[in-house]
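# Summary of structural features
Here is how the chains run, residue by residue.
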Amino acid sequence: MLPHQLPRYLINFNLLSLEKIYTDFLIIGSGIAGLYTSLKLSAEGETILLTKSRLKESNTEYAQGGIAVALGDDDSPRLHMEDTLKAGADFCDPQAVEILVTEGPQCVEELIELGTMFDQIEGKYKTTLEAAHRRPRVLHAQGDATGAEIERALVEKVLKENKVKIRENTFLLDILVKDNTSYGVLVLDNEVKKLVAYLAKSIILATGGVGQLYRNTTNPLVATGDGIASAYRGGAKVRDLEFIQFHPTALYHPGNPKFLISEAVRGEGAILKNIRGEAFMASYHPQAELAPRDVVARAIFDQMKKTNSDYVYLDATKIKDRFSQRFPNIYERCLSLGINPEKDYIPVAPASHYTMGGIKTDTWGKTNITDLYACGECASTGVHGANRLASNSLLEGLVFGKRIAQRIKEKEREDDRSTQKSKDLSFSYNLPRKKPKNYDPLKLREELQNLMWDKVGIIRKSSELKEAQQKIEEWKALVFVSELETVEEFELANLIILADLVTNSALLREESRGAHYREDFPERDDQNWKKHIEY
Ligand SMILES: Cc1cc2nc3c(=O)[nH]c(=O)nc-3n(C[C@H](O)[C@H](O)[C@H](O)COP(=O)(O)OP(=O)(O)OC[C@H]3O[C@@H](n4cnc5c(N)ncnc54)[C@H](O)[C@@H]3O)c2cc1C
């Protein structure tokens with residue numbers, strides 16, 4: 001067992017009796033980070049990409065606003081870097097940020113060459129302004145469907161080239177690690193309902209974040225932090241998990257996930273108003289509607305409390321008839337709910353949106369486990385600090401995915417290892433577990449999401465964090481002694497592990513910084529807390 005009574009593996013197994021598939025490079029996840037890395041690696045050796053749902057299902061597919069990159073004449077990587085560091089609340093790794101902003105433009109050029117069509121006007125790329133950016137540097141596609149366009153282009157390229165073997169409906173359970181080296185992964189192949197082992201020279205996790213930890217989230221149902229949890233179980237370092245970004249403006253409507261009203265809407269001039277119709281952002285921050293996300297999310301939360309309401313309004317009426325052209329998807333979704341953004345106020349409320357922390361990597365995507373890499377939202381490269389600058393995450397997936405491919409290529413040249421690396425390995429695990437289980441995984445997932453929203457959410461305090469800890473301990477004792485069999489049960493187990501890590505880190509960090517706000521420690525404390533919480 002790991003600390004806190006966590007099992008090392010989610011299931012009992014013996015590698016000898018499993019079907020084994022060998023490859024050179026194994027990538028888990030089919031968002032921007034996984035697809036781009038697989039395209040970069042497939043020329044170097046046999047590459048397999050596994051993903052737990054349909055190929056396109058990912059956070060990437062739903063990204064709206066765009067991708068930040070300093071291309072304009074009045075802009076520079078230096079300015080982009082300064083904005084990123086400032087939004088990150090003095091907690092970014094400056095070296096990683098420098099890499100992001102200087103290598104970003106080349107990666108975006110490559111994304112365009114791969115077929116991504118960003119919006120243009122008179123032959124020049126259109127750019128928009130988003131919160132905490134001093135320049136309009138956000139490229140977008142089809143107005144507000146940037147992620148879907150990137151995903152379309154990458155998926156088409158991967159399928160057309162036909163060099164990467166794709167396995168959909170294949171759920172990563174655990175990483176096989178021995179003597180601090182990773183050899184492969186255990187997966188549940190849901191197409192045939194079978195446990196399979198994939199063994200590879202290099203394993204790249206691109207499994208995204210953990211938005212589904214919260215009742216209100218913009219993240220799709222697949223965002224359950226599986227890669228981070230499995231890496232943690234395998235001995236990889238994880239860090240900064242207390243820093244969860246809450247997006248200020250998700251559409252207020254029933255259901256999960258919540259539909260996002262992109263920051264770019266405020267970038268185009270929309271104003272936040274409370275339910276009494278009063279604009280309020282100017283009294284919270286000099287940048288008003290374009291203040292950093294954490295500031296806007298807390299201001300909205302405060303106004304919701306003060307007016308005893310579950311939402312505030314976004315008044316985009318001044319964008320007028322440009323709205324439907326600039327934001328066609330948001331416009332359609334609002335209309336379907338009887339809201340015409342060109343005439344009506346849009347009800348909005350904060351929702352969990354982005355995981356700043358994750359699997360600790362160096363600037364080449366390497367984890368502390370040999371041959372295990374991580375990129376995209378599941379990784380903690382240090383580029384986002386305590387608060388991600390809007391539209392930097394798509395860029396991060398490209399830049400660090402490419403660097404992983406470069407690093408692996410170099411390594412291949414240095415040491416000509418064969419795929420035999422894993423052939424005579426023995427791995428097994430046998431922990432006594434109860435059957436049948438006495439809980440309903442979907443119901444417990446909802447209870448966990450409610451607990452995290454209510455006690456470990458936008459505004460935190462010691463007493464509530466401790467209450468959450470206690471409840472999570474109870475659920476650990478319930479879930480981890482049971483036999484786990486289904487994807488719902490595996491996802492729940494991973495969510496509980498992440499809940500535990502997020503809550504413990506949030507309790508430990510006795511200061512407020514970026515997205516982590518403690519009511520009982522409202523100030524930033526550089527003297528004691530300019531350090532990472534790492535497990
Ligand atoms: C609504 C919304 C709007 C956003 N807008 C923007 C924006 O405008 N600009 C921006 O920069 N960022 C935006 N973001 C954030 C950005 O989309 C993500 O951070 C980024 O797409 C993450 O890419 P990724 O490849 O790391 O992960 P993802 O795109 O989330 O992909 C993760 C992949 O891993 C797979 N996976 C997960 N667990 C397993 C498992 N156990 N086994 C197998 N496969 C697994 C998933 O199915 C998925 O395919 C937005 C996010 C959301 C939710």
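Position numbers for residues start from 1 in each chain and track the written sequence from start to end. Thresholds applied to this predicted model are a pLDDT of at least 70 for local features of residues and 80 or more for the giving and counting of side-chain atom pairs; totals over whole chains, interfaces and linings are not thresholded and use all residues. Just so you know, side-chain values use all the structure's heavy atoms and leave hydrogens and water out.

Here we come to the overall build of the protein chain. Tallying secondary structure elements over the protein chain gives 15 helices and 21 strands in all. Computed over its C-alpha atoms, the radius of gyration of the protein chain comes to 22 Å, within 12% of the 24 Å expected for a compact globule of 535 residues. Its C-alpha atoms give the protein chain principal-axis dimensions of about 65 × 55 × 50 Å. Expressed as a percentage of contacts within the protein chain between residues at least 6 apart in sequence, the contacts between residues at least 24 apart total 73%. Accessible area of the protein chain: about 20,200 Å², with a carbon and sulfur share of 48%. Neither His nor the chain ends is counted toward charge; the positive residues are Lys and Arg and the negative residues Asp and Glu. For this purpose, a charge sits on NZ of Lys, CZ of Arg, CG of Asp or CD of Glu. Once the 71 positive and 78 negative side-chain charges of the protein chain are each reduced to a mean point, those two points are 1 Å apart. Strands here mean DSSP runs of E at least two residues long; helices mean DSSP runs of H or I at least four residues long; both are numbered from the N terminus. Only C-alpha atoms enter the radius of gyration; for comparison, a globular chain is expected to reach 2.2 Å times N to the power 0.38, where N is the number of residues. The contact criterion used throughout is that any non-hydrogen atoms of two residues lie within 4.5 Å. Under the convention used here, a 1.4 Å probe and the Shrake-Rupley method define accessible areas, while residue burial counts only the protein chains that appear.

Attention shifts here to the site of the ligand. The cutoff for a nearby residue is simple: one of its non-hydrogen atoms must lie within 4 Å of the molecule or strand. Contacts to the ligand come from 37 residues, most closely from Thr60, Gly66, Leu172, Glu377 and Ser393. Here a polar contact is recorded for every N or O atom pair within 3.5 Å, except that within protein the pair must consist of a potential hydrogen donor and a potential acceptor, and residues adjacent in sequence are included only if both atoms are side-chain atoms. Threonine 51 has a polar side-chain atom sitting 3.1 Å from an oxygen atom of the ligand. For the ligand, the accessible surface in isolation is 1,000 Å², of which the surrounding protein chains cover 98%. Counting only elements with at least two residues in the shell around the ligand, the list comes to helix H1 (32-41), helix H2 (59-62), strand E10 (170-178), strand E17 (346-355) and helix H11 (393-414).

In this section: the side chain of threonine 361. Along the chain, the position of threonine 361 falls in the loop between strand E18 (358-360) and strand E19 (372-374). The residues contacting threonine 361, other than those within four sequence positions of it, are Lys366, Thr367, Ala374, Ala379, Ser380 and Thr381.

In terms of residue burial, strand E2 (residues 19-28) counts as a mostly covered element, since 7 of its 10 residues are buried. The pairing of E2 with strand E12 (residues 194-205) spans 9 bridges and is parallel. Residue pairing across strands places isoleucine 27 opposite isoleucine 204, the latter belonging to E12. Bridge count between E2 and strand E3 (residues 47-50): 4 bridges; the pairing is parallel. Of the residues in E3, the one forming a bridge with isoleucine 27 is leucine 49. Accessibility here uses a 1.4 Å probe with only protein chains present; expressed as a share of the type maximum, an area under 20% marks a residue as buried, one over 50% as exposed, and anything in between as partly exposed. Strands were regarded as paired on the criterion that DSSP finds at least two bridges between them.

For the bond from asparagine 256 to proline 257, the omega torsion is 0°, close enough to zero to count as cis. Relative to the helices and strands, proline 257 resides in the loop between strand E14 (244-251) and helix H7 (263-267). Even without a glycine there, the phi angle at lysine 193 is positive, about 55°. As for its position among the elements, lysine 193 is in the loop between strand E11 (181-189) and E12. Note on lysine 193: relative accessible area 63%, which makes it exposed. Even without being glycine, asparagine 308 reaches a positive phi, approximately 50°. As for its placement among the helices and strands, asparagine 308 is situated in the loop between helix H8 (293-306) and strand E16 (312-315). Relative accessible area serves as the criterion here: at 73%, asparagine 308 is assigned to the exposed category.

Moving on, we get to the state of the cysteines. Throughout, disulfides are identified as pairs of cysteine sulfur atoms within 2.5 Å of each other. Following the criterion strictly, the structure yields 0 disulfides and no others. Cysteine cysteine 92 remains unbridged, with the sulfur of cysteine 378 as its closest cysteine sulfur at 18 Å. Residue cysteine 378 stays outside any disulfide, its sulfur separated by 6.5 Å from that of cysteine 375, the closest cysteine. By relative accessible area, cysteine 378 is classed as buried at 0%.

Right, let's get into the pattern of salt bridges. Where charged atoms from two side chains of opposite charge come close, those side chains can pair. For this analysis, a salt bridge means a side-chain nitrogen from Lys or Arg found within 4 Å of a carboxyl oxygen belonging to Asp or Glu. In the structure shown here, the tally under the stated rule is 50 salt bridges. Note that aspartate 83 and arginine 134 form a salt bridge whose closest N and O atoms lie 2.6 Å from each other. Here aspartate 83, found in helix H3 (residues 77-87), pairs with arginine 134, found in the loop between strand E7 (127-128) and strand E8 (138-139); they are 51 residues apart in sequence, far enough to count as distant. Given a relative accessible area of 43%, arginine 134 falls into the partly exposed group. For arginine 239, the salt bridge goes to aspartate 240, with nearest N and O atoms at 3.9 Å. When sorted by exposure, arginine 239 lands in the same class as aspartate 240, which is buried. The network of salt bridges with shared partners includes Asp90, Glu242, Arg509, Glu511, Arg513, Arg524, Asp526 and Lys530.

To continue, consider the packing of helix H13 (residues 462-479) against helix H14 (residues 487-508). For helices, the fitted axis covers only the stretch in contact; all axes are lines through C-alpha atoms, and the angles between them, taken along N-to-C directions, range from 0 to 180 degrees. Orientation of H13 relative to H14, taken along the N-to-C sense of each, is 150°, at an axis distance of 9 Å. Viewed along their axes, H13 and H14 adopt a mutual orientation that is roughly antiparallel. Once H13 is placed against H14, the crossing between them reads as left-handed. Counted together, Ser462, Leu465, Lys466, Ala468, Gln469, Ile472, Glu473, Trp475, Lys476 and Val479 of H13 and Leu492, Ala493, Ile496, Ala499, Asp500, Thr503, Asn504, Ala506 and Leu507 of H14 form the full contact between these two elements. Asp, Glu, Lys and Arg are counted as charged, while Ala, Val, Leu, Ile, Met, Phe, Trp, Tyr, Cys and Pro are counted as nonpolar; the rest, among them Gly, fall into the polar class. In the contact of H13 with H14, the residues fall into 11 nonpolar, 4 polar and 4 charged. For this classification, under 35 degrees means roughly parallel, over 145 means roughly antiparallel, 65 to 115 means roughly perpendicular, and everything else is oblique. Here a crossing is called left-handed whenever its near helix is offset anticlockwise from the far helix by less than a right angle, and right-handed whenever the offset is clockwise.

Bringing the domain arrangement of the protein chain into the picture now. Segmentation of the protein chain into domains returns domain 1 (260-350) and domain 2 (441-529). On a C-alpha basis, the centroid separation for the pair domain 1 and domain 2 is 29 Å. Taken together, the contact pairs 5 residues of domain 1 with 7 residues of domain 2. In this description, buried area is defined as the sum, over both parts, of the accessible area (probe of 1.4 Å) that is lost when the two are combined. For the pair domain 1 and domain 2, the two sides together bury roughly 560 Å², of which 73% comes from carbon and sulfur. Among the residues domain 1 hides against domain 2, the three largest losses belong to Arg298, Phe301 and Pro350. Together they make up 74% of the total. Along the contact surface separating domain 1 from domain 2 lie 0 salt bridges. Remark: the boundary between domain 1 and domain 2 carries 1 residue pair in polar contact (both at pLDDT 80 or more). Broken down by element, the side of domain 1 that touches domain 2 gets its largest block of residues, 4 residues, from H8. Considering only residue class, the side of domain 1 that touches domain 2 consists of 2 nonpolar, no polar and 3 charged. Note that the domain bounds reflect an automated or database-derived domain assignment.

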